[in-house]
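What follows is each chain in one-letter form.
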Amino acid sequence: MKARTAFLVLLTAGVVGTAAWLVFFSPVLGVRSIEIVGNLTVPSERIEQQAGVADLHPLATVDLAGVQSRVLGIRQLASAKVDRVWPGTLKIEVVEREPIAVIAAGDKFAVVDKQAVVIEVKSAAPPLLPLLKVDRPAAGDPALMAALQVIQAVPDEVAPKVRQVRAGTAEGVTLELSDGRSVVWGGPDRPEEKGRILASLLKREKATVYDVSSPDVVTLK
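It should be emphasised that the depicted structure is a prediction, and the values quoted were computed from it without experimental measurement. (Residues numbered from 1 in each chain as written. Predicted model: local features only at pLDDT ≥ 70, side-chain atom pairs only at ≥ 80, totals over all residues. Heavy atoms only, no water.)

(A) View of the packing of helix H2 (residues 44-51) against helix H3 (residues 64-71). Across the interface, H2 lies against H3 with an axial gap of 8 Å and an inter-helix angle of 130 degrees. When the axes of H2 and H3 are compared, the pair comes out oblique. Once H2 is placed against H3, the crossing between them reads as right-handed. Two secondary-structure elements touch here, H2 through Ile47, Gln50 and Ala51 and H3 through Val67, Arg70 and Val71. Looking at the contact of H2 with H3 residue by residue, the class counts come to 4 nonpolar, 1 polar and 1 charged. (Axes fitted to C-alpha atoms, helices over the stretch in contact; angles between N-to-C directions. Helix = DSSP H or I, 4+ residues; strand = E, 2+ residues; numbered from the N terminus. Parallel < 35°, antiparallel > 145°, perpendicular 65-115°, else oblique. Left-handed = near helix turned anticlockwise from the far one by under 90°. Contact = heavy atoms within 4.5 Å. Nonpolar A, V, L, I, M, F, W, Y, C, P; charged D, E, K, R; others polar.)

Below you can see the structure in the form of structure tokens.
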């Protein structure tokens, strides 16, 4: 009876040991594919290379946090989520940063997102993005952050017409439109009201300057 018990113990240990070896050390359950989800402009090959996971590396021992950190080294990406999909797939789900404005930097142009993170630097300004002019083009600067909030608040029907955004202070944001008209927006407060009023005025009223900085008292010049 003792011999039988010992045999069962040894057999169980052998099975457990084999299973552990298969999961943690063997290439049998290794990474055979990397699935990239959510990327629109960043090539999957670049993300996979940045992930730095060797082919057939045991899926169970992949450092998910490490992969996430390396992938976020690509500045065009805002977030990344890494998961194991058994038996052999590593899934990387990313969210790309959305470019909303351009800031002149010498003879180059920095494309930035809503948090003032530089996504890329170009030799020419992308024509569909507004040129942002501030005294201190540094992330966290009140005027810069206010201007970026205003850009996001501009109604979709007006946004394509915005060619330049100026912000001397956080409360002094102005928009220059492609047809030469200008908009005094003011601060980032009450964005929905300002946007709705502006869209309506541009359709109904002909003026050179539209001041919606105080939605309660709108003025035209």
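(B) Seen up close, the pairing of strand E7 (residues 131-134). Every second residue of E7 is oriented toward a common face, the buried set being Leu132 and Val134 and the non-buried set Leu131 and Lys133. Summarising the sheet, E7 and strand E8 (residues 162-167) pair through 4 bridges and their orientation is parallel. Within E8, the residue paired with Leu131 across the bridge is Gln164. Considered for its hand, the β-α-β crossover made up of E7, helix H4 (residues 142-153) and E8 is left-handed. (Buried < 20%, exposed > 50% of the residue type's maximum accessible area, 1.4 Å probe, protein only. Pairing = 2+ DSSP bridges. Right-handed = clockwise from strand over helix to strand, strands pointing away.)

(C) Local environment of helix H5 (residues 191-204). Compared with the 20 Å implied by 1.5 Å per residue over 14 residues, the 20 Å span of H5 between its first and last C-alpha is a close match. The set of residues buried in H5 consists of Lys194, Gly195, Leu198, Ala199, Leu201 and Leu202. Summarising the axial view, the buried residues of H5 lie within an arc of 165 degrees, below the 170-degree limit, and thus occupy one face. Residues Glu192, Arg196, Lys203 and Arg204 are exposed on H5 and point more than 90 degrees away from its buried face. Packing partners of the buried residues in H5 comprise strand E9 (173-177), strand E10 (182-186), strand E11 (209-211) and strand E12 (219-220). (Expected span 1.5 Å × (residues − 1). Arc of directions from axis to C-beta.)

(D) Structural detail: the sheet that holds strand E3 (residues 89-96). Taken together, the 3 strands give an open sheet; going across it, the order is E1-E3-E2, and neighbouring strands pair in mixed fashion. Either end of the sheet is taken by a strand with one partner, and the two such strands are strand E1 (33-37) and strand E2 (77-85). Averaged over all adjacent pairs, the angle separating strand axes in this sheet is 20 degrees, with direction ignored. Of the strand pairs in this sheet, E1 and E3 are connected by 5 bridges, and their pairing is parallel.

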